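Structure assessment
Spelled out from the first residue to the last, the chains are:
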Amino acid sequence: MIDASLTLNQLAQREGGVNVLAAMTGAKNFVKSDEENFVSFRFTAKAKNKANYIKITLNAMDTYDVEFGYIRGMNYTVRSVSEGLYDDMLKKHFETETGLYLTF
């Protein structure tokens, strides 16, 4: 079972992950699913991979699968998918993929 606040804190690499993500990227529309073990959110900042959505899923290997996508209206396009990331890799991966920074 995914712990959404723990995952978002790990992504931001500090407490208050939701607030950090909102301040740094305009993150909103946070969704958590215990059944499918994922947490996702949209962000408004301009990403270099043209994504505005991220879905982080805890898989059976106890690592994370990360999907970046673009949502416009009722259309969704996958921009990139990465599998088997450890929790300490989430922040660096987000920053590398999007070009957005989660710290000053």
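Attention here is on the structure that accompanies the text. (Residues numbered from 1 in each chain as written. Predicted model: local features only at pLDDT ≥ 70, side-chain atom pairs only at ≥ 80, totals over all residues. Heavy atoms only, no water.)

Bringing the packing of aromatic side chains into the picture now. This structure, assessed with the given rule, holds five aromatic pairs. Ring geometry for Phe-30 and Phe-41: centres 5.2 Å apart, planes at 35 degrees, overall tilted. With Phe-30 in strand β1 (residues 28–33) and Phe-41 in strand β2 (residues 38–42), this pair connects stretches of sequence that are 11 residues apart. Ring centres of Tyr-53 and Tyr-76 lie 5.5 Å apart, and the angle between their planes is 85 degrees; on these two criteria the pair is classed as edge-to-face. Pair noted here: Tyr-53 is in strand β3 (residues 53–58) and Tyr-76 is in strand β5 (residues 75–85), with a separation of 23 residues, a long-range link. Judged by relative accessible area, which is 15%, Tyr-53 ranks as buried. Linked through ring pairs, Phe-30, Phe-41, Phe-43, Phe-68 and Phe-94 together constitute an aromatic cluster. Positioned over the ring face of Phe-38 is Lys-55, at 4.5 Å from the centre of the ring. (Phe/Tyr/Trp six-rings, centres within 6.5 Å; stacked < 30°, edge-to-face > 60°. Helix = DSSP H or I, 4+ residues; strand = E, 2+ residues; numbered from the N terminus. Buried < 20%, exposed > 50% of the residue type's maximum accessible area, 1.4 Å probe, protein only. Lys NZ or Arg CZ within 6 Å of the ring centre and 35° of its normal.)

Another point: the sheet that holds β1. Strand order in this open sheet of five strands is β1-β2-β3-β4-β5, and the pairing throughout is antiparallel. Here the strands that pair on one side only, and so sit at the sheet edges, are β1 and β5. In this sheet, adjacent strand axes meet at a mean angle of 15 degrees when their direction is disregarded. Where β2 lies against β3, five bridges are found, and the strand directions are antiparallel. For Phe-41, the partnering residue across the bridge sits in β3 and is Ile-54. Along the sheet, helix α3 (residues 90–98) makes contact with β3, β4 (64–72) and β5, crossing β4 at roughly 35 degrees. (Pairing = 2+ DSSP bridges. Axes fitted to C-alpha atoms, helices over the stretch in contact; angles between N-to-C directions. Contact = heavy atoms within 4.5 Å.)

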